[in-house]
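Coordinate inspection notes
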Amino acid sequence: VWYHKPAINEELLQSLPNLKVVASAGVGIDHLDLKLLSSYGVKVSNTPFIVSTDTADMGMALMLASARRLVEGHEMAVSPDTEYFPVDWLGVEVSGATLGILGMGKIGYKVAERAKAFEMKILYHNRNQRKKEEENAVGAVYCKKIDDLLQQSDFVLLAVTLTPQTHKLIGKRELELMKPTATLINISRGLIVDQDALVEALQNKVIKAAALDVTYPEPLPRDHPLLKLKNVIITPHIGSATKKTRWVMMEEMAESIEAGLAGLPIPREVL
């Protein structure tokens, strides 16, 4: 399964009576009905570890690009209408700013490691608090309540798994808790954010900007209001899109399929 295709639904499962394993690219499994698959005796694997480094890099890239207005700057620099560069065209600082990470799993922690090098103050919220030595290694402070993190952060980065509990985790209320100078960065899943509320918040300057590697749907309809806003950067869900990582993802998927066909324990099986 690559980019959620083909759809693993009952119709497909009924047409494949000898199916033994579904190997899904990436870490997210929100597109798979695990109970349905289990009822057909089908096992599931994913590739959760290899994507972490590249996706964390992408989170930092989006934060830096948004803060320093790289997309707007490129457009200005190459525009045939540009005659001079305005001196009052300014971005915001990343170094020394406060980064709030929602979801301190493998990807979130790697983001924190990178943010430490930028001398950022790091806050995080997670289902479970990290060990003290892990917190100390990156200088991260645990926020038991999401609200505390949202109110204090200059950048809020989403690295949570999409579940019924995290569906539209960031809505109108949460956006209004953020600083009017804050930027929202999403490298997890589009449905973590109430997109209509985000559009409204960006249009009304409730928050400063957003940088999104994920949306819903993907791609957005070409007339979607998010595509018309200057204070938004959108990339085409490319968090893991490097040659090396995609190659290893395919190797791991093939390894899982071969193990499933041979009746062996499946590496990286989703239980």
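All of these numbers come straight from a predicted model, not from anything done at the bench.

Under the feature "domain: D-isomer specific 2-hydroxyacid dehydrogenase catalytic" (unreviewed entry), the UniProt entry names residues 2-270. Span residues 2-270 is 36% helix and 13% strand, its end C-alpha atoms 16 Å apart.

What follows is about the nonpolar core. Grouped together as the largest cluster of nonpolar side chains are 30 residues, with contacts concentrated most on Leu 102, Ile 170, Leu 175, Leu 184, Leu 198 and Leu 226. If you list the elements that add at least two residues to this core, you get helix H7 (146-152), strand E6 (155-158), helix H9 (195-203) and strand E8 (209-212). Of the residues forming this core, the biggest block, five residues, is contributed by H9. If we ignore the near neighbours within four places in the chain, the residues touching Leu 175 are Ile 170, Leu 184, Ala 197, Leu 198, Ala 201, Val 206 and Ile 207. By size, the runner-up hydrophobic cluster in this structure holds 29 residues, among which are Ala 65, Val 94, Met 104 and Ile 122.

Moving on, we come to the side chain of Asn 46. Along the chain, Asn 46 falls in the loop between strand E2 (43-45) and helix H3 (52-67). There is a polar contact of 3.1 Å between the side chain of Asn 46 and the backbone oxygen of Val 27.

Moving on: empty space enclosed by the protein. Under the definition given, this model contains one cavity of 30 Å³ or more. As a volume, the largest cavity reaches approximately 30 Å³. Taken together, Asn 186, Gly 190, Val 193, Gln 195, Leu 198, Leu 212 and Val 214 form the lining of the largest cavity.

By the assigned domains, the protein splits into domain 1 (10-49 + 241-262) and domain 2 (51-234). Computed from C-alpha coordinates alone, the two centres of domain 1 and domain 2 are separated by 30 Å. Each side of the interface is counted separately: domain 1 has ten residues, and domain 2 has six residues. Of the roughly 720 Å² buried at the junction of domain 1 and domain 2 (both faces included), carbon and sulfur atoms supply 54%.

Between its terminal C-alpha atoms helix H10 (residues 243-261) stretches 27 Å, which fits the 27 Å expected from 19 residues at 1.5 Å a residue. Every buried residue of H10 is accounted for by Thr 245, Arg 246, Met 249, Glu 252, Met 253, Ser 256, Ala 259 and Gly 260. Along the axis of H10, the buried residues cluster in a sector spanning 150°; they form a single face. Exposed residues pointing more than 90 degrees away from the buried face of H10 are listed as Lys 243, Lys 244, Trp 247, Glu 258 and Leu 261. Against the buried residues of H10 lie strand E1 (21-23), E2 and H3.

Moving on to unusual backbone geometry. Across the junction of Tyr 216 and Pro 217, the peptide omega takes the value -5°, indicating a cis bond. Here Pro 217 lies in the loop between E8 and strand E9 (232-234). With an omega of -5°, the peptide bond running from Glu 218 to Pro 219 counts as cis. Positionally, Pro 219 belongs in the loop between E8 and E9. If you check the backbone angles, Lys 168 has positive phi at about 55° while not being a glycine.

Packing of H3 against helix H5 (residues 106-117) leaves a shortest axis separation of 8 Å and a crossing angle of 50°. When the axis of H3 is compared with that of H5, the two are oblique. Here the hand of the crossing between H3 and H5 comes out right-handed. Judged by residue contacts, Ser 52, Thr 53, Thr 55, Ala 56, Asp 57 and Met 60 of H3 engage Lys 106, Ile 107, Lys 110, Val 111, Arg 114 and Ala 115 from H5. Looking at the contact of H3 with H5, its residues break down into five nonpolar, three polar and four charged.

Reading the values: the criteria
Residues numbered from 1 in each chain as written. Predicted model: local features only at pLDDT ≥ 70, side-chain atom pairs only at ≥ 80, totals over all residues. Heavy atoms only, no water. UniProt positions renumbered as here; feature names shortened; annotations may be inferred. Helix = DSSP H or I, 4+ residues; strand = E, 2+ residues; numbered from the N terminus. Core = buried A, V, L, I, M, F, W, Y, C linked by side-chain atoms within 4.5 Å. Buried < 20%, exposed > 50% of the residue type's maximum accessible area, 1.4 Å probe, protein only. Contact = heavy atoms within 4.5 Å. Polar contact = N/O pair within 3.5 Å; in protein donor to acceptor, adjacent residues only side chain to side chain. 1 Å grid on protein atoms, 1.4 Å probe; cavity = no way out; pocket = protein on both sides within 12 Å on 5 of 7 lines; lining within 4 Å. Points joined across faces, edges and corners; volume = space filled by probe spheres on them. Domains from an automatic or database assignment. Buried area = accessible area lost by both parts, 1.4 Å probe. Expected span 1.5 Å × (residues − 1). Arc of directions from axis to C-beta. Axes fitted to C-alpha atoms, helices over the stretch in contact; angles between N-to-C directions. Parallel < 35°, antiparallel > 145°, perpendicular 65-115°, else oblique. Left-handed = near helix turned anticlockwise from the far one by under 90°. Nonpolar A, V, L, I, M, F, W, Y, C, P; charged D, E, K, R; others polar.

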